[in-house]
Amino acid sequence: EINDGINVSSNNKIVLIGDSITEGWSINDPDFFKNNNFINRGIGGQTAPQMLIRFKQDAIHLNPKMIIVNGGTNDLAENTGPSFPNMIVDNITSMAEICLKNRIAIALSSITPVYSYPWNEKVTDVPEKISLVNSLLKKYSSQNNILFIDYYSAMVDDKKGLMSAYGVDGVHPTKEGYEVMASVLKDTITGIK
């Protein structure tokens, strides 16, 4: 069966769903995606509720062996209006519950570090909000025996922002930033090349 140009009968692919951080990853490191049969379902600017709306169509219906969710930073940047940590966690964990219901492996990942959002500098306490969301997602993952991918710890600087070598604008990873993310992903999920 062919759907969206992807053979959905082979169950060895992994879908990464997220925002521009996910979207930019396969552009910066196409071989990492090709070698691991990753499908990129990142859409720049999206918040967790927008990802949840397209989750079945863009991820579940591809019948992957695993889905990796990375989102929440645009929620904190208020791309679609004010958002609170519990709202972000509710939307992301709803995606996890859809996976569990469909017997598809799920991995949740941390929001990568940000000190402030260049497109919305009115948002305050960004590092604290990211830390809270990450701790809630990690706790949920632990309680539900699902993988948690901690990109944050490998990329954070002493001000709780993104290390300058790993980001172009304090938010979006550089090629080096994506290499760190790939390394963290390989250390968390077996079978990743």
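This section reports on the structure supplied with the text. For clarity, every value in this text was computed on a predicted model and none was experimentally measured. (Residues numbered from 1 in each chain as written. Predicted model: local features only at pLDDT ≥ 70, side-chain atom pairs only at ≥ 80, totals over all residues. Heavy atoms only, no water.)

Concerning the pairing of strand S6 (residues 105-109)
Okay, step 1: Counting buried positions over the 5 residues of S6 gives 4, a clear majority of the element.
Okay, step 2: Pairing analysis gives 4 bridges linking strand S5 (residues 66-70) to S6, with the strands arranged parallel. Following the sheet pairing, isoleucine 68 is matched in S6 by alanine 107.
Okay, step 3: One ladder, built from 3 bridges, connects S6 with strand S7 (residues 147-149); its direction is parallel. Looking at the pairing, leucine 108 lines up with phenylalanine 148 of S7. (Buried < 20%, exposed > 50% of the residue type's maximum accessible area, 1.4 Å probe, protein only. Helix = DSSP H or I, 4+ residues; strand = E, 2+ residues; numbered from the N terminus. Pairing = 2+ DSSP bridges.)

Some thoughts on the packing of helix H1 (residues 20-28) against helix H9 (residues 175-188)
Okay, step 1: Contact geometry for H1 and H9: axes closest at 10 Å, N-to-C directions at 100°. Taken together, H1 and H9 sit at an angle that is classed as roughly perpendicular. From H1, Ser20, Ile21, Gly24, Trp25 and Asn28 reach across to H9, where they touch Lys175, Tyr178, Met181, Ala182 and Leu185.
Okay, step 2: Residue composition of the contact of H1 with H9, by class: 6 nonpolar, 3 polar and 1 charged. (Axes fitted to C-alpha atoms, helices over the stretch in contact; angles between N-to-C directions. Parallel < 35°, antiparallel > 145°, perpendicular 65-115°, else oblique. Contact = heavy atoms within 4.5 Å. Nonpolar A, V, L, I, M, F, W, Y, C, P; charged D, E, K, R; others polar.)

Some details on helix H6 (residues 85-101)
Along an α-helix, residues three or four apart share an orientation, since each turn contains 3.6 residues.
Okay, step 1: The end-to-end C-alpha distance of H6 is 24 Å, a good match for the 24 Å that 17 residues give at a rise of 1.5 Å each.
Okay, step 2: Taken as a whole, H6 has its buried residues at Pro85, Ile88, Val89, Asn91, Ile92, Thr93, Met95, Ala96, Ile98 and Cys99.
Okay, step 3: Buried-residue contacts for H6 involve helix H3 (48-53), helix H4 (55-58), S5, helix H5 (73-76), S6 and helix H7 (126-143).
Okay, step 4: Just downstream of H6 lies arginine 103, where phi reads positive at about 55°. (Expected span 1.5 Å × (residues − 1).)

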